[in-house]
Amino acid sequence: MKFKVSCLADRPEMLGPVEGMPDTWAEFTTQDAVGNAHYPRIPVEFPEYVLFAQDERGEVVAHAYSVPFVLRAEGRGELPARGWDQVLVWAFADQRRGARPDTVSAISIVVAPHAQGLGLSGLMLSAMRDNARAKGFGEVVAPVRPNAKHREPHTPIEEYAHRVREDGLPYDPWLRVHVRAGASIERVAPASMTVAASLAEWRRWTGLPFDAQGDIEVPGALVPVRCEPDRDYAVYVEPNVWMRHPL
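Residue positions within a chain follow its written sequence, with the count starting from 1. Selection of residues for local features in this predicted model requires a pLDDT of at least 70, selection of side-chain atom pairs for listing and counting requires 80 or more, and totals for whole chains, interfaces and linings are taken over all residues. Calculation of side-chain values draws on the structure's entire complement of heavy atoms; hydrogens and water are dropped beforehand.

Visitor: What should I look at first to understand unusual backbone geometry in this one?
Guide: Note: most residues except glycine have negative phi, and most peptide bonds are trans. Non-glycine residue Phe-210 carries a positive phi angle of around 45°. You can see Phe-210 is positioned in the loop between α8 (199-206) and β7 (214-216). When a residue's accessible area, from a 1.4 Å probe over protein chains only, is under 20% of the maximum for its type it is buried; when over 50% it is exposed; and in between it is partly exposed. Its relative accessible area of 2% is what places Phe-210 among the buried residues. Although it is not a glycine, Asp-232 adopts a positive phi angle of roughly 60°. To qualify as a helix, a DSSP run of H or I must reach at least 4 residues; to qualify as a strand, a run of E must reach at least 2; elements of each kind are numbered from the N terminus. Tracing the backbone shows Asp-232 in the loop between β8 (225-228) and β9 (233-246).

Visitor: What's the story with the packing of aromatic side chains in this structure? I'm lost.
Guide: The geometry of an aromatic ring pair is captured by the separation of the ring centres together with the interplanar angle, meaning the angle of the planes. Two aromatic rings from Phe, Tyr or Trp, using only the six-membered ring of Trp, form a pair when their centres are within 6.5 Å; if the ring planes differ by under 30 degrees the pair is stacked, by over 60 it is edge-to-face, and anything between is tilted. One pass over the full model with this rule turns up 11 aromatic pairs. Measuring from ring centre to ring centre gives 5.2 Å for Phe-28 and Tyr-236, while their planes differ by 90°; the resulting arrangement is edge-to-face. A residue pair is termed long-range when its members are at least 10 positions apart, and Phe-28 in the loop between α1 (15-20) and α2 (33-38) and Tyr-236 in strand β9 qualify at 208 residues. We call a charge positioned over a ring when the NZ of a Lys or the CZ of an Arg lies within 6 Å of the ring centre and within 35 degrees of the ring normal. Lys-135 extends its terminal NZ or CZ atom over the ring of Tyr-49, reaching a point 5.4 Å from the ring centre. Above the face of the Tyr-171 ring, Arg-163 is positioned so that its terminal group lies 4.7 Å from the ring centre.

Visitor: For this particular structure, what's the right way to read α8?
Guide: Along an α-helix, residues three or four apart share an orientation, since each turn contains 3.6 residues. Among all positions in α8, only Leu-199, Trp-202 and Trp-205 are buried. An end-on view of α8 places all buried positions within 125° of arc, on one side of the element. The contact criterion used is simple: two residues touch if any of their non-hydrogen atoms lie within 4.5 Å. For α8, the secondary structure elements touched by its buried residues are β6 (184-198), β8 and β9. Looking one or two places after α8, you find Gly-207, whose phi comes out positive at around 75°. Of all possible arcs, the one meant is that of the directions from the helix axis to the C-beta atoms.

Visitor: What should I look at first to understand helix α7 (residues 173-180) in this one?
Guide: What α7 keeps buried is the set Trp-174, Leu-175, Arg-176 and His-178. Buried residues along α7 sit against β4 (103-111), α5 (120-134), β5 (139-144), α6 (157-161) and β9. Nitrogen and oxygen atoms within 3.5 Å of one another constitute a polar contact, given that in protein one can donate a hydrogen and the other can accept it, and given that sequence-neighbouring residues count only through two side-chain atoms. Its side-chain oxygen placed 3.0 Å from the backbone nitrogen of Trp-174, Asp-172 serves as the N-cap of α7. Following α7 by one or two positions, Gly-182 has its phi on the positive side, about 115°.

Structural data, given as structure tokens:
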């Protein structure tokens, strides 16, 4: 099957189909306050950094969001421990003050459920790299969410991120795609995304009782969710893996 990749800035009429494309995110992963405040702004305020793929029928089957930001600035310089959340804050703060960006960060690559397994993740990653290169950037960074880590929620992220197969490539499939594209692991972002909510909300999102104090394994979560029944809240702090893509 052939796919056509376009930039939203060139096809603004596709905003609705891009935003409306179905995905497979677990509901709790869409409840990060920083993400909810900034992610929907990307296709509106940074359309030149939003790419999408259409199949032969014209249906949107994948999209890739990225943002430009200033990494080499006072108080920054290193890829942040707060990963995905922090780079979103930086990107929109830089835009607001008119700062000239020096780096592009991947934010998400999403493939429609019925189109998974067709190589679209790698295609969109390559397109994101090409888009950044065409705009004059020298690298793309990515706070990567290892897509098989949820099977080992109690494995430390440092151990998991650096685990390799016999061929020397990362054990995790999504990390492996990035390495094959030319990236290298920079560091772990231990608090890349945070979801804090009442126990009633967690019960609604997951269908789990959330009635015992301690670490709760939640399907789709990369690490356990900390439950505090006496205080009526639970907190999920997701680690990601920062990767650098030289262009």
